[in-house]
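Below, each chain spelled out in residue letters.
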Amino acid sequence: MKFFETSKYFSLKKSTYINLRWIAILGQLITVNLIYFIFDFKFDLIIANSILLIGILSNLYLIYINQNTQLLDKTAFLFLLIDTMQLSCLIYLTGGMANPFSIFLIIPTIFSSSNLGLKTNLLLVSVTIVIIIFLTFFNQPLPYPINEHFHVDSYYYYSIPISLIIVLIFLDYFALIFGKESRIRKEALNKMEEIMSKEHELLSLGGQAAAAAHSLGTPFSTIKIISKDLLKQFNNNEEVKKDIHLLVSEIERCSEILKKLTLNPTVEDDFIDRDLTMAEYVKEIIKSFKETSKKIFIINFDQYSNSLNITKSIEIVYGLRNFIGNANKFSKSKVFIDIKSDNKITEIIIEDDGEGYPSDVLRKIGEPYIRSNKSPIKSKSGLGLGIFIGKTLLEKNYADILCRNSKTRSGAEVIIKWKNKDLLNL
């Protein structure tokens, strides 16, 4: 098994990393020469600047020789290791752990924890800890004249590397957790964009098929009329008669294919070309579920007093479909949908008669890649992408989403609310 990760998520953008290294090298160069020439501290300046030269040469290598735009796990580790070793050499020359700049030793590792793989990060953490321990016991004294006046108790001195190691582990752990969550969310968002892209393509295909069926209707009718006339003229010629019959059947076959592509040309055309009310959105979505589901959908329009025509939005359709689909999936037999609207707000409440959200899922609602540990629900649950995608798409279109267990029924409840002024701005 390979030690270094090769996933696309474990890499560094080379240009960003190079710029950060230039800033770090420039800062070190200024600091080293400033304290030597201005503050008159005495240490081996030639060796210190030679160490910085290694960093400069490695950056030039990245710019002119390495042609990749992303530094994969192994390459990034090697250069972060160079950064750590370079800084540790400077710390070694200038007092070891007594040098206040020793805290910078943990920066490359913290930086790697949110960008590189777990194994790579653990290796870099281990190397950094070994370097901290080494510099605690082996180092050159602090530069003159500090070394003549600096005296510290051994308890205090040894607490410095211990605190650095604790901080390193603590910050690295948190960076790993947040980095993992960030990568998961990024992957889920990429899948959502991919799904929406396919939805747009399918919608476009449906519209083109409907337009084609409509446009070709007249030519097909003309061809049929001409074919019938030809059939009368060549009624006694069996050879020509067979060809004409074949021609007519192929025309009818083309018409049927176009009709199947559009599924229902009239409804699909209306759905694409005109603005809809929220009630019509819900009706269209429920109609698609009724074709495959035996569940009962109960829609309540009693408080729907202000029907607004809003611009057709694939995001709203897909978001509502995900939540209604979840209710259909987890309900026992019924799905309840209340649609409310007045002068200020429009609200959709989706409830089911299922078992509701499990407690271990409810607190994570809206996050991708979650599933319940409860066995009866685990078999039916997915990865939480449906709720994540639905919530993200609807919130993107100004909706407020509340997911909870119903207070009046046994199942789950989703409350989706818009301000009317926001709906009109879609």
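Quantities reported herein were computed from a predicted structural model and do not represent experimental measurements.

Re the overall build of the protein chain
And then number 1: Regarding its fold elements, the protein chain presents 15 helices and seven strands.
And then number 2: A buried classification covers 39% of the 426 residues belonging to the protein chain.
And then number 3: Here the contacts in the protein chain between residues at least 6 apart in sequence split such that 73% fall between residues at least 24 apart.
And then number 4: Accessible surface, the protein chain as shown: approximately 24,800 Å² in total, 60% of it carbon and sulfur.

Observations regarding the nonpolar core
Most often, soluble globular proteins keep nonpolar side chains buried together rather than apart.
And then number 1: Formed by 36 residues in total, the largest nonpolar core has its most connected members in Met278, Leu320, Phe323, Ile350, Leu394, Ile416 and Trp418.
And then number 2: For this core, the elements supplying multiple residues, two or more each, are helix H10 (278–290), helix H11 (314–330), strand E4 (334–341), strand E5 (345–352), helix H14 (385–396), strand E6 (400–405) and strand E7 (412–419).
And then number 3: In terms of residues, this core owes the most to one element, H10, which gives seven residues.
And then number 4: Counting residues in each nonpolar core, the second largest holds 16 residues, with Met97, Leu105, Ile106 and Leu135 among its members.

Section: helix H3 (residues 73–93)
And then number 1: With 21 residues, H3 should reach 30 Å at 1.5 Å per residue; the first-to-last C-alpha distance of 30 Å fits that figure.
And then number 2: Once H3 ends, the next one or two residues include Gly95, with phi positive near 110°.

A few points about the sheet that holds strand E3 (residues 296–300)
Pairing between the strands of a sheet comes from backbone hydrogen bonds, and it takes one of two forms, parallel or antiparallel.
And then number 1: Strands sit in the order E3-E4-E5-E7-E6 across an open sheet of five strands; the sheet is mixed. Looking at the sheet topology across the chains shown, the edges are occupied by E3 and E6. Taking the axes of each pair of neighbouring strands and ignoring which way they run, one obtains an average angle of 15° across the sheet.
And then number 2: For E5 and E7, the ladder comprises seven bridges, and the chain directions are antiparallel. Residue pairing for E7: Glu351 is matched across the bridge by Glu413.
And then number 3: Packed on one face of the sheet, H11 meets E3, E4, E5, E6 and E7 and runs near 25° to E5.

Description of a nonpolar patch on the surface
And then number 1: Side chains of Leu53, Leu57, Leu60, Tyr61, Ile63, Tyr64 and Ile65 sit close together on the surface and give an oily, nonpolar patch of about 690 Å² of accessible area.
And then number 2: By the secondary structure assignment, Leu53 is in helix H2 (residues 45–64).

A word on unusual backbone geometry
And then number 1: Phi angles above zero are rare outside glycine, and Asp40 is one such case at about 60°.
And then number 2: The residue Asp40 is located in the loop between helix H1 (14–37) and H2 in this model.
And then number 3: Take Asp40: its relative accessible area is 42%, and that puts it in the partly exposed class.
And then number 4: At Tyr398, a residue that is not glycine, the phi angle is positive and equals roughly 70°.

Points about the packing of H1 against H3
And then number 1: At a minimum axis distance of 13 Å, the contact between H1 and H3 shows a crossing angle of 5°. By the angle between their directions, the pair H1 and H3 is classed as roughly parallel. Between H1, through Tyr17, Arg21, Ile25, Gln28 and Val32, and H3, the contact on the second element is made entirely by Phe79, Leu80, Ile82, Asp83, Gln86, Leu87 and Leu90.
And then number 2: A breakdown of the residues in the contact of H1 with H3 according to their chemical character gives eight nonpolar, two polar and two charged.

Quick notes on the packing of aromatic side chains
And then number 1: Tallied over the entire structure, the rule returns 14 aromatic pairs.
And then number 2: With a centroid separation of 6.0 Å and an interplanar angle of 25°, the aromatic rings of Tyr61 and Phe79 are classed as stacked. Note that Tyr61 is positioned in helix H2 and Phe79 in helix H3, a separation of 18 residues in sequence.
And then number 3: Owing to a relative accessible area of 36%, Tyr61 belongs among the partly exposed residues under this scheme.
And then number 4: Judged by centre distance (6.0 Å) and plane angle (20°), the rings of Phe101 and Phe104 are stacked.
And then number 5: Feature note: the residues Tyr36, Phe37 and Phe43 constitute an aromatic cluster, connected by ring pairs.
And then number 6: Between Lys42 and the ring centre of Tyr36, over which it is positioned, the NZ or CZ distance is 5.4 Å.
And then number 7: Taking NZ or CZ as reference, Arg409 lies 3.7 Å from the ring centre of Phe336, over its face.

Some words on the pairing of E6
Across a regular strand the side chains alternate sides, sitting on one face of the sheet and then on the other.
And then number 1: Summarising the sheet, E6 and E7 pair through six bridges and their orientation is antiparallel. Directly across from Arg404, in E7, lies its bridge partner Glu413.
And then number 2: Hairpin connection from E6 to E7: six residues lie between these consecutive antiparallel strands.

Looking at the pattern of salt bridges
And then number 1: Inspection of the entire model under this criterion finds six salt bridges.
And then number 2: For the salt bridge of Asp83 with Arg21, the shortest nitrogen-to-oxygen distance reads 2.5 Å. One end of the pair, Asp83, is in helix H3; the other, Arg21, is in helix H1, and 62 residues separate them in sequence. Across the pair, exposure class does not vary: Asp83 and Arg21 are buried alike.
And then number 3: Glu351 is paired through a salt bridge with Arg409; the nearest N and O atoms lie 2.8 Å apart. Note that Glu351 is positioned in strand E5 and Arg409 in the loop between E6 and E7, a separation of 58 residues in sequence.

Some thoughts on the confidence of the model for the protein chain
And then number 1: Confidence in the prediction of the protein chain, expressed as mean pLDDT, is 80, and 79% of residues score 70 or more.
And then number 2: In this model residues 265–273 is a low-confidence stretch, pLDDT under 50, and it forms 11 contacts with partners more than four residues away in sequence or in other chains.

Observations regarding the side chain of Gln86
And then number 1: Its place among the elements puts Gln86 in helix H3.
And then number 2: Gln86 gets classed as buried once you look at its relative accessible area, which sits at 6%.
And then number 3: Setting aside its immediate chain neighbours within four residues, Gln86 contacts Ile25, Gln28, Ile51, Leu52 and Gly55.

What counts and what doesn't
- Residues numbered from 1 in each chain as written.
- Predicted model: local features only at pLDDT ≥ 70, side-chain atom pairs only at ≥ 80, totals over all residues.
- Heavy atoms only, no water.
- Helix = DSSP H or I, 4+ residues; strand = E, 2+ residues; numbered from the N terminus.
- Buried < 20%, exposed > 50% of the residue type's maximum accessible area, 1.4 Å probe, protein only.
- Contact = heavy atoms within 4.5 Å.
- Areas by Shrake-Rupley, 256 points an atom, 1.4 Å probe, with all protein chains shown as cover.
- Core = buried A, V, L, I, M, F, W, Y, C linked by side-chain atoms within 4.5 Å.
- Expected span 1.5 Å × (residues − 1).
- Pairing = 2+ DSSP bridges.
- Axes fitted to C-alpha atoms, helices over the stretch in contact; angles between N-to-C directions.
- Patch = residues over 30% accessible without salt bridge, like charges linked within 9 Å, V, L, I, M, F, W, Y side chains within 5 Å.
- Salt bridge = Lys/Arg side-chain N within 4 Å of Asp/Glu carboxyl O.
- Parallel < 35°, antiparallel > 145°, perpendicular 65-115°, else oblique.
- Nonpolar A, V, L, I, M, F, W, Y, C, P; charged D, E, K, R; others polar.
- Phe/Tyr/Trp six-rings, centres within 6.5 Å; stacked < 30°, edge-to-face > 60°.
- Lys NZ or Arg CZ within 6 Å of the ring centre and 35° of its normal.
- pLDDT = per-residue confidence, 0-100.

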